[in-house]
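Per-entry structural report
Here is what each chain is made of, one letter per residue.
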Amino acid sequence: ERRLAAMPPGEREALVSLAGLPFWRHKDLEARGLSYHHLVTVHGLPIQRAKGGTYWPHDVLKEALLARADESVLLQNARAIEDLHPEQAARLYTLVQRPEEVVRLALPRAKAWLEESQWPEVVAWLAPLPEESLGPLRGLLALAYLERGESAKALRLAGGDSLSLVTLALPAFRSEKAARAKDLATQAIAQATCPLERILATRVALAARHALGERVDDEVAVLLSESAPFPAQHLAVRSFQLYIRPNYTLAKEGLEFSLQAGYPHRAVAFLQAMIRALFREEGSVEEVLAASERVLAEGHRGTRFVLPYAHVERAHVFVLLDQLQSAVDELERGIEEALLWPLWNVWRSAMELLVEVRLAQGLLAEAKALLDALEA
């Protein structure tokens, strides 16, 4: 702030006209009579230079410029970056209180967000907007809140559209109010405005009906076919099929489909199903360990979210084989990875299994220390 304040007014105004741009090109500076060297060496501003005449202002400088820019600058820059950096354009439109522009940019992306369950992105775009401006995206934000664990916000926001009804049906199902969940999901199917919404609502309705003792196998098979154009939702239907009819071969096929389609986070559910099958004396231990190694490799390649799950699942296999030290190694890695997020459910289940393994090894002091950590 002191360095910006010390700049000549004309230079500072020229610099502020760059507010909201994610990076600066050489021609952006040149057109405003500015230069990288002058900004850095004379004014001491935190800007990095990349190859090809591209400059990256530090976040603290970006925020300082945003605070100084007027509405016309932010609107002009938002329009300039809409195509290449829509998420940043949405932020600028939010800052100048133009929610209708954010909704305009968000609507073409809503289908992909829903299909891929991209809840963090939905919340990042839509949560800052006034509720009354959300329009057709209201139900999508409600569902995103629910799936991120913010149930109170989700239930307050849910209206009468299809996704809102799914948002109401899911907690009812999870609370074992299957009849209520079935009723809401059936209403959601009737209100659905696109195949994707109908598939999502049908999954919830079928789960509720299964919980009520109804036979839904044939309808699940139909839904598998209908969901084929939407790979992420198709995998969710496959996972539900395994829930109602555990089967090692189906689990193996689902894991393979997940990895080939580029959804390693979906592969976790199928890996878990393959391991449960081992305890029913189905399947091959060697195949399961090889599959778990592929999931771990995907985690190290970029989808790090899968690592704690994969390590903990591998530990179950080693427990089955009575290779307790290998199980300990996997659980300790899983606990470490779970704490990075933090994924407390994974952490807790890993800790509980590690207590059992330490007891089986006769290491009572180690088991006591783990129980103390769980209690804390």
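Now for a quick tour of the structure. (Residues numbered from 1 in each chain as written. Predicted model: local features only at pLDDT ≥ 70, side-chain atom pairs only at ≥ 80, totals over all residues. Heavy atoms only, no water.)

**Here we look at the nonpolar core**
The biggest cluster of nonpolar side chains holds 80 residues, and the ones touching the most others in it are Leu 15, Trp 24, Leu 126, Leu 140 and Leu 143. If we ignore the near neighbours within four places in the chain, the residues touching Leu 126 are Ala 106, Leu 134, Leu 137 and Leu 141. Core analysis: the next-biggest nonpolar cluster, separate from the first, contains 48 residues, Val 268, Ile 335, Leu 353 and Ala 367 among them. (Core = buried A, V, L, I, M, F, W, Y, C linked by side-chain atoms within 4.5 Å. Buried < 20%, exposed > 50% of the residue type's maximum accessible area, 1.4 Å probe, protein only. Contact = heavy atoms within 4.5 Å.)

**What to know about the sheet that holds strand 2 (residues 47-50)**
Read from one edge to the other, the open sheet built from three strands follows the order 1-3-2, with strand pairing classed as antiparallel. Each of the sheet's edge strands pairs with one partner strand only, and the pair in question is strand 1 (24-25) and strand 2. Pairing of strand 2 with strand 3 (residues 54-57), which is carried by four bridges, proceeds in the antiparallel orientation. Note that in strand 3 the partner of Arg 49 across the bridge is Tyr 55. (Pairing = 2+ DSSP bridges. Helix = DSSP H or I, 4+ residues; strand = E, 2+ residues; numbered from the N terminus.)

**A look at helix 15 (residues 217-226)**
Burial in helix 15 covers these residues: Val 220, Leu 223 and Leu 224. Taken around the axis of helix 15, the buried residues stretch over an arc of 105 degrees, which confines them to a single face. Those residues of helix 15 that are exposed and aimed more than 90 degrees away from the buried face are Asp 218 and Ser 225. Contacts made by the buried residues of helix 15 are with helix 14 (195-211) and helix 16 (231-244). (Arc of directions from axis to C-beta.)

**Thoughts on the side chain of Ser 17**
Topologically, Ser 17 is positioned in the loop between helix 2 (9-16) and strand 1. Here Ala 14 takes part through its backbone oxygen, which lies 2.5 Å from a polar atom of the side chain of Ser 17. A distance of 2.6 Å separates the side chain of Ser 17 from the side chain of Arg 32, its partner in a polar contact. Leave out the neighbours within four places in its chain, and Ser 17 touches Arg 32, Val 73 and Asn 77. (Polar contact = N/O pair within 3.5 Å; in protein donor to acceptor, adjacent residues only side chain to side chain.)

**Regarding the packing of aromatic side chains**
Per the counting criterion, the structure on display carries seven aromatic pairs. With centroids separated by 5.5 Å and ring planes inclined at 50 degrees, the aromatic side chains of Phe 305 and Tyr 309 adopt a geometry described as tilted. With a centroid separation of 5.6 Å and an interplanar angle of 85 degrees, the aromatic rings of Trp 344 and Trp 347 are classed as edge-to-face. A residue pair is termed a helical-turn pair when its members lie 3 or 4 positions apart in one helix, as Trp 344 and Trp 347 do in helix 22 (residues 344-360) at three residues. Trp 347 gets classed as buried once you look at its relative accessible area, which sits at 14%. Grouped by ring-pair contacts, the aromatic residues Phe 305, Tyr 309 and Trp 341 constitute a single cluster. One Lys or Arg, Arg 238, reaches over the ring of Phe 257 and ends 4.9 Å from the middle of that ring. (Phe/Tyr/Trp six-rings, centres within 6.5 Å; stacked < 30°, edge-to-face > 60°. Lys NZ or Arg CZ within 6 Å of the ring centre and 35° of its normal.)

**Things to note about the packing of helix 16 against helix 18 (residues 264-279)**
In the contact formed by helix 16 and helix 18, the axes pass within 10 Å of each other and the chain directions differ by 20 degrees. Relative to helix 18, the element helix 16 is oriented roughly parallel. The crossing of helix 16 and helix 18 is left-handed. Mapping the contact onto sequence places Ala 232, Gln 233, Leu 235, Ala 236, Arg 238, Ser 239 and Leu 242 in helix 16 and Arg 266, Ala 269, Phe 270 and Ala 273 in helix 18. Among the residues forming the contact of helix 16 with helix 18, the class breakdown is seven nonpolar, two polar and two charged. (Axes fitted to C-alpha atoms, helices over the stretch in contact; angles between N-to-C directions. Parallel < 35°, antiparallel > 145°, perpendicular 65-115°, else oblique. Left-handed = near helix turned anticlockwise from the far one by under 90°. Nonpolar A, V, L, I, M, F, W, Y, C, P; charged D, E, K, R; others polar.)

**Quick notes on a nonpolar patch on the surface**
A contiguous nonpolar surface patch, about 310 Å² in accessible area, is contributed by Phe 305, Leu 340 and Trp 341. Here Leu 340 shows up in helix 21 (residues 324-340). (Patch = residues over 30% accessible without salt bridge, like charges linked within 9 Å, V, L, I, M, F, W, Y side chains within 5 Å. Areas by Shrake-Rupley, 256 points an atom, 1.4 Å probe, with all protein chains shown as cover. Salt bridge = Lys/Arg side-chain N within 4 Å of Asp/Glu carboxyl O.)

**Observations regarding the pairing of strand 3**
Relative to strand 3, strand 1 runs antiparallel, the two sharing two bridges. What sits directly across from Trp 24, in strand 3, is Tyr 55. Between strand 2 and strand 3, which pair antiparallel and follow one another directly, the connecting turn spans three residues, one of which, Gly 52, has a positive phi of 85 degrees.

**Structural notes on the environment of Leu 259**
If you trace the backbone, Leu 259 turns up in helix 17 (residues 248-260). Residues Leu 259 and Leu 212, spaced 47 residues apart in sequence, show a C-alpha to C-alpha distance of 33 Å. Apart from the residues within four sequence positions on either side, Leu 259 is in contact with Pro 264, Ala 267, Arg 294 and Glu 298.

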